[in-house]
Amino acid sequence: MTSGRYAAWLLAATAIVTVTRPSHAQSAGDGFLFHAPGGSWGVYGGFNRASASGDVFAFVTKQLTLNRGDFSSATFGSNLAIRLSPANDIVFDVSVAGVSRRSEFRDWVDQNNLPIEQTTSLLRVPITLSIKHYLTARGRSISRFAWIPAARAAYVGIGAGMMRYRFHQVGDFVDFQTRNVFPDDFKSAAWTPMLQALGGIEVSLSQSIVLTGEARYTWARGPMGRDYVGFTRIDLSGIALTTGLSIRQ
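Rules and cut-offs
Residues numbered from 1 in each chain as written. Predicted model: local features only at pLDDT ≥ 70, side-chain atom pairs only at ≥ 80, totals over all residues. Heavy atoms only, no water. Core = buried A, V, L, I, M, F, W, Y, C linked by side-chain atoms within 4.5 Å. Buried < 20%, exposed > 50% of the residue type's maximum accessible area, 1.4 Å probe, protein only. Helix = DSSP H or I, 4+ residues; strand = E, 2+ residues; numbered from the N terminus. Contact = heavy atoms within 4.5 Å. Pairing = 2+ DSSP bridges. Salt bridge = Lys/Arg side-chain N within 4 Å of Asp/Glu carboxyl O. Patch = residues over 30% accessible without salt bridge, like charges linked within 9 Å, V, L, I, M, F, W, Y side chains within 5 Å. Areas by Shrake-Rupley, 256 points an atom, 1.4 Å probe, with all protein chains shown as cover. Phe/Tyr/Trp six-rings, centres within 6.5 Å; stacked < 30°, edge-to-face > 60°.

Novice: Would you explain the nonpolar core in this entry?
Specialist: Formed by 25 residues in total, the largest nonpolar core has its most connected members in Val 56, Phe 57, Phe 71, Leu 122, Phe 167, Ile 234 and Leu 236. Secondary structure elements with two or more residues in this core: helix H3 (55-63), strand S3 (88-109), strand S4 (115-134), strand S7 (152-174) and strand S8 (181-204). With five residues, the top contributor of residues to this core is S7. Leu 122 has contacts with Phe 57, Phe 71, Ala 97, Gly 98, Val 99, Arg 166, Phe 167, Ile 234 and Leu 236, leaving out every residue within four places of it along the chain.

Written as structure tokens, this is what we have:
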């Protein structure tokens, strides 16, 4: 099972549990906290499907034995949420998605009739600040000293931040003017602004532990370095499907 199918399966399972097992979910809310939580800390993992559009990806997928799907990868991250109101949190989030693929030129071989090989990698590290809005109540106070979490809660959110990225190729390449084969190391790395939209479901496993399932779309494009003169901005956008655990605090 691929990472993408695994992440999608986990999200579907979370939704099924939420909808079809209310008795179990309700039992998760039987405990209580002494006050409404001031926030939460969580970790998550899943699959990030890179858009990989634009001319640099068109070039490498045409010349090398790569395709756009090769730039998708597993993703992992952590976030810290601070409660602003009963329905809203502000969330600080850091994640990483990186992949490295070996390839060779599709239509060229070297003077010994051997493949011309190289490695291409893409790293994306978004750091964001988001507003998360709950569409359903995430708990209720029953006295001055008790707060009962809801069995489940749905949310949406928007955010912005900066992304550190690196597009890197090392190995052997072809000079199309002279047809010579030469070794080289090409790299483009920088920070660029980004936006994101997200939505998800939280399922209470206990009064303090929460299972999360989330879909997140990121918009980002960054400049190419001087090793890639003539190329337009690199597309760093993508959609991530993740599951994780959070601790209410």
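Novice: Just to check I follow, could you spell out the pairing of S7 for this structure?
Specialist: The side chains of a regular strand alternate between both faces of the sheet. As defined by bridge partners, S4 adjoins S7 across 17 bridges and the pair is classed as antiparallel. Looking across to S7, one finds that Gln 118 is bridged to Gly 171. Alignment of S7 against S8, held across 23 bridges, turns out to be antiparallel. Paired with Arg 152 across the two strands is Val 203, which belongs to S8. Counted along the chain from S7 to the antiparallel partner S8, the turn is six residues long, and its residue Arg 179 has a positive phi close to 65°.

Novice: So what exactly am I meant to see when it comes to the pattern of salt bridges here?
Specialist: When the charged atoms of two side chains with opposite charge come close together, those side chains can pair. Scanning the model with the defined rule gives five salt bridges in all. Across the salt bridge formed by Glu 202 and Lys 132, the nearest N and O atoms sit 3.3 Å from each other. Taken together, the residues span a long stretch of sequence, with Glu 202 in strand S8 and Lys 132 in strand S4 at a distance of 70 residues. One salt-bridge network, in which partners are shared between bridges, spans Asp 93, Glu 214 and Arg 216.

Novice: I would appreciate a short explanation of H3 in the present structure.
Specialist: Since one α-helical turn is 3.6 residues long, residues separated by three or four positions face the same way. For H3, the set of buried residues is Val 56, Phe 57, Val 60, Thr 61 and Gln 63. Elements that come into contact with the buried residues of H3 comprise S3, S4, S7 and strand S10 (234-235).

Novice: Is there a simple way to think about a nonpolar patch on the surface in this case?
Specialist: Together, Trp 41, Val 43, Leu 80, Ile 82, Phe 92, Val 94, Leu 129, Leu 205, Ile 209, Leu 245 and Ile 247 line one region of the surface with nonpolar side chains, adding up to about 890 Å² of accessible area. Along the chain, the position of Trp 41 falls in strand S1 (residues 39-50).

Novice: Hey, could you run me through the packing of aromatic side chains in this one?
Specialist: Aromatic ring pairs are defined here through the distance separating the ring centres and the angle between the ring planes. Tallying each qualifying case throughout the model produces 13 aromatic pairs. The interplanar angle of 70° and the centroid separation of 4.8 Å between the aromatic rings of Phe 57 and Phe 71 together place this pair among those described as edge-to-face. Residue Phe 57 is found in helix H3, and its partner Phe 71 is found in the loop between H3 and strand S2 (73-85); the two are separated by 14 residues along the sequence. Since its relative accessible area comes to 1%, Phe 57 is described here as buried.

Novice: So what exactly am I meant to see when it comes to the environment of Thr 119 here?
Specialist: Relative to the helices and strands, Thr 119 is located in strand S4. Sequence separation between Thr 119 and His 168 is 49 residues, and the spatial gap between their C-alpha atoms is 8.0 Å. Non-local contacts of Thr 119, meaning those with residues more than four positions away in its chain, are made with Ser 100, Arg 101, Arg 102, His 168, Gln 169 and Val 170.

Novice: Please explain the side chain of Thr 212 as it appears in this structure.
Specialist: Examined against the element boundaries, Thr 212 turns out to sit in strand S9 (residues 209-222). Of the residues examined, Thr 212 reaches a relative accessible area of 11% and is grouped as buried. Not counting residues up to four positions away in its chain, the partners in contact with Thr 212 are Ile 201, Glu 202, Thr 242, Thr 243, Gly 244, Leu 245 and Ser 246.

Novice: How should I be thinking about unusual backbone geometry in this particular structure?
Specialist: Note: most peptide bonds trans; most residues except glycine with negative phi. One non-glycine residue, Asn 113, adopts positive backbone phi at about 65°. Checked against the element boundaries, Asn 113 lands in the loop between S3 and S4. A relative accessible area of 60% places Asn 113 in the exposed class. The phi dihedral of Arg 179 is positive, around 65°, even though this residue is not glycine.

Novice: Explain the environment of Thr 65 to me, please; I cannot follow it from the model alone.
Specialist: Residue position: Thr 65 is located in the loop between H3 and S2. Along the backbone, Thr 65 and Arg 102 are 37 residues apart, and their C-alpha atoms lie at a distance of 8.5 Å. Leaving out residues up to four positions away in the same chain, Thr 65 has contacts with Asp 70, Ser 103, Glu 104 and Arg 106.

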